[in-house]
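The residues making up each chain are set out below.
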Amino acid sequence: MTRVLIADDEDSMRSLVARAIAMDGHETVTAQDGAEALEMLTRDEGAFDLLLTDIQMPVMDGIALALTAARDFPELKILLMTGFAHQRERASGLEAIVHDVVTKPFSVADIRTAVADALAARKAG
């Protein structure tokens, strides 16, 4: 079973994404900010297939989380989410470590497709 770590500071977004991804049979684990997500990654020794993180969060944002996760867990696929154009621009130099940036608001179908694409790229890579 594929394990997906979802980091987002909005409760409703976390639960929506978790439910959407679970529809495809993925195990989901959620964190309310980047620091909590990094703790989970470290504690589980990177035993996740995909990190799906919002860019703008308190404590540790998604960019800092992605950079740290990519360094410590190079096999981990990373997807970013954002509802802000300027945050998307911040991620533009991260193509080497980030599979894609999903723009909010998105539909359940959109996030499921983005996750499927990232996981397919992980298997191919």
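Residues numbered from 1 in each chain as written. Predicted model: local features only at pLDDT ≥ 70, side-chain atom pairs only at ≥ 80, totals over all residues. Heavy atoms only, no water.

Moving on, we get to the overall build of the protein. On a plain count of helices and strands, the protein comes out with five helices and five strands. For the protein, the spread of C-alpha atoms along the principal axes amounts to about 35 × 30 × 25 Å. Out of the 125 residues belonging to the protein, those deemed buried represent 49%. Of the contacts formed within the protein by residues at least 6 apart in sequence, a portion of 66% connects residues at least 24 apart. A total accessible area of about 6100 Å² is found for the protein, and carbon and sulfur atoms account for 51% of it. Looking at charge distribution, the protein has the averaged site of its 12 positive side-chain charges lying 3 Å from that of its 21 negative ones. (Helix = DSSP H or I, 4+ residues; strand = E, 2+ residues; numbered from the N terminus. Buried < 20%, exposed > 50% of the residue type's maximum accessible area, 1.4 Å probe, protein only. Contact = heavy atoms within 4.5 Å. Areas by Shrake-Rupley, 256 points an atom, 1.4 Å probe, with all protein chains shown as cover. Lys, Arg positive; Asp, Glu negative; His and termini not counted. Charge placed at Lys NZ, Arg CZ, Asp CG, Glu CD.)

Attention now moves to the UniProt feature "domain: Response regulatory" (unreviewed entry) in the protein. Within the UniProt annotation, "domain: Response regulatory" (unreviewed entry) is assigned to residues 3–119. Span residues 3–119 is 44% helix and 21% strand, its end C-alpha atoms 10 Å apart. (UniProt positions renumbered as here; feature names shortened; annotations may be inferred.)

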